[in-house]
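Residues per chain are reported as follows:
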Amino acid sequence: MTNAMPEPVLSQEEVDRFWRDGYLLIRGVLTRQQARHHAGLILDLLPRDLRVPDHWEAYDGRFKPFNTPGNQTFDGPEFIPLFQNERLYRVAAQLLGHPRLLVRDGSVAITMRNDTAHPSELSQDLHIDPAVPEDADEFLLTPEEVEIGGCYYFTDVAPGGGGIHVVPGGHRIVEAEARAVRRGRQLHDKWRNIPDLKSVEVTGQAGDFVLTHHLMPHAASHNRRPDVRVAQFVRYARDDQPWDAGERPGDRPAGHSYNDLQTAAMTPLGRRLLGVDPW
Ligand SMILES: O=C(O)CCC(=O)C(=O)O
Ligand SMILES: [Fe+2]
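Residues numbered from 1 in each chain as written. Chains lettered and ligands numbered in written order. Predicted model: local features only at pLDDT ≥ 70, side-chain atom pairs only at ≥ 80, totals over all residues. Heavy atoms only, no water.

(A) Focus on the overall build of the protein chain. Helices and strands together make up the secondary structure of the protein chain, namely eight helices and ten strands. What you see for the protein chain is a C-alpha radius of gyration of 18 Å, in line with the 19 Å of a compact globule of 279 residues. Principal axes of the C-alpha set define a box for the protein chain whose edges measure 50 × 50 × 40 Å. Here the protein chain, with 279 residues, has 48% of them falling under the buried criterion. Entry remark: accessible area of the protein chain is about 13,200 Å², with carbon and sulfur atoms responsible for 49%. Of the side chains in the protein chain, 31 bear a positive and 40 a negative charge, and the two mean positions are spaced by 2 Å. (Helix = DSSP H or I, 4+ residues; strand = E, 2+ residues; numbered from the N terminus. Rg over C-alpha atoms; globule rule 2.2 N^0.38 Å. Buried < 20%, exposed > 50% of the residue type's maximum accessible area, 1.4 Å probe, protein only. Areas by Shrake-Rupley, 256 points an atom, 1.4 Å probe, with all protein chains shown as cover. Lys, Arg positive; Asp, Glu negative; His and termini not counted. Charge placed at Lys NZ, Arg CZ, Asp CG, Glu CD.)

Spelled out as structure tokens, the structure:
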């Protein structure tokens, strides 16, 4: 493996659209068959007797399985392919203009039909999950700080089907607001509750990936349809990300903690993205 930029995937129009809107749907990152396989793995986490474990989150028909209490990352061997998808890596490298990336998160969500008469279609407050730790007072707003996150859809997500909501151009609104004040990272309850923005639902098909800028306000929505929505979240950071992927440099123990079954599932690219091998 070299450290050269991988072959670009997106057209210039798509690159421009991502930076303008702050999000972009990438179609067919997985085949429908691969998507169905991963939907099945995630649905199988839900116990047959529907006894939802205490350490999972469950709000408004949206179940967030936790791997172990406090740990929402699913990175067993069967999930490793989702972290090392070649096309998604190339897209993230192209957008970040940087070939040496690290991948993280790997949390999953199951959104079932929910007929609640809630006045908003959103089942969460609009928020961001930025690379910058919550106790930092300022965003750096440098290119190195930018992360690209988003979610795989493993099921078809039709309108009203619990698709993620985003605010077109919202990442630029967040940046401008944060620049205008001191302690910009601390606005709106650390950006966990962003008021007064109009969001749109991102629909898609099984195997698509919704890319989002890390300053993009977003939220989960109610699923009004019979079909379940199954998704997984991953994020790409440059290897010179100043916050060490959401933590302060040095907060994380050196080296990796993957076992042999996990590393056996990793490609050479995956080993670098997951921090097993150096870039
Ligand atoms: O499930 C979704 O569509 C979005 C979830 C989300 O943004 C979160 O849990 O932080
Ligand atoms: Fe989020």
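Anyway, onward from the coordinates.
(B) Local environment of the coordination of the iron ion (ligand 2). All of the protein donors around the iron ion (ligand 2) are His127 (NE2), Asp129 (OD) and His218 (NE2); their distances to the metal are 2.1 Å. Read N to C, the donor residues that coordinate the iron ion (ligand 2) are spaced as H-x1-D-x88-H. Of this pair, histidine 127 sits in the loop between strand 4 (101-111) and strand 5 (147-153) while histidine 218 sits in strand 9 (residues 218-219), and the two are 91 residues apart along the sequence. Residue histidine 127 shares its accessibility class with histidine 218, and that shared class is buried. (Donors = N, O, S within 2.8 Å, 3.2 Å for Na, K, Ca; no water.)

(C) The arrangement of the sheet that holds strand 3 (residues 62-64) in detail. Overall, antiparallel pairing links the seven strands, which are arranged 1-8-5-10-4-3-2 in an open sheet. Each edge of the sheet is formed by a strand with only one pairing partner; in this case those strands are strand 1 (23-26) and strand 2 (57-59). On average, each strand axis in the sheet is tilted by 20° relative to the strand beside it, whichever way the strands run. Relative to strand 3, strand 2 runs antiparallel, the two being bridged by three bridges. When the bridges of strand 3 are listed, tyrosine 59 appears paired with arginine 62. Packing against the sheet, helix 4 (residues 86-96) makes contact with strand 1, strand 4, strand 5, strand 8 (209-213) and strand 10 (229-238), and its axis sits at approximately 45° to strand 10. (Pairing = 2+ DSSP bridges. Axes fitted to C-alpha atoms, helices over the stretch in contact; angles between N-to-C directions. Contact = heavy atoms within 4.5 Å.)

(D) View of the sheet that holds strand 7 (residues 200-201). In space, the three strands of this open sheet follow the order 7-6-9, with antiparallel pairing throughout. Edge positions in the open sheet fall to strand 7 and strand 9, since each of these has one partner strand only. Where strand 6 (residues 165-166) lies against strand 7, two bridges are found, and the strand directions are antiparallel. From the neighbouring strand, valine 166 faces strand 7, where its bridge partner is valine 200.

(E) View of the site of ligand 1. Taken together, the neighbourhood of ligand 1 is formed by Arg62, Gln124, His127, Asp129, Ile164, His218, Ala220, Arg229 and Phe233. A distance of 3.4 Å separates an oxygen atom of ligand 1 from a polar side-chain atom of aspartate 129. The separation between an oxygen atom of ligand 1 and a polar side-chain atom of histidine 218 is 2.9 Å. Summarising the interface, the protein chains cover 89% of the accessible area of ligand 1, which totals 290 Å² for the free molecule. Looking at the shell around ligand 1, its residues break down into three nonpolar, three polar and three charged. (Near = heavy atom within 4 Å. Polar contact = N/O pair within 3.5 Å; in protein donor to acceptor, adjacent residues only side chain to side chain. Nonpolar A, V, L, I, M, F, W, Y, C, P; charged D, E, K, R; others polar.)

(F) Structural detail: the environment of aspartate 44. Topologically, aspartate 44 is positioned in the loop between helix 2 (32-43) and strand 2. It is 16 Å that separates the C-alpha atoms of aspartate 44 and glutamine 72, two residues lying 28 residues apart in sequence.

(G) Highlighting the pattern of salt bridges. All chains considered together, the criterion is met by 15 salt bridges. Ionic pairing is found between arginine 235 and glutamate 147, a salt bridge with its closest N-O pair at 2.7 Å. In this pair, arginine 235 sits in strand 10 while glutamate 147 sits in strand 5, placing the two residues 88 residues apart along the sequence. Judged by its relative accessible area of 10%, arginine 235 is buried. With a shortest N-O distance of 2.8 Å, arginine 271 and aspartate 277 are connected by a salt bridge. Take arginine 271: its relative accessible area is 27%, and that puts it in the partly exposed class. Assessed through its relative accessible area of 23%, aspartate 277 is described here as partly exposed. Through salt bridges with shared partners, one network takes in Arg104, Glu147 and Arg235. (Salt bridge = Lys/Arg side-chain N within 4 Å of Asp/Glu carboxyl O.)

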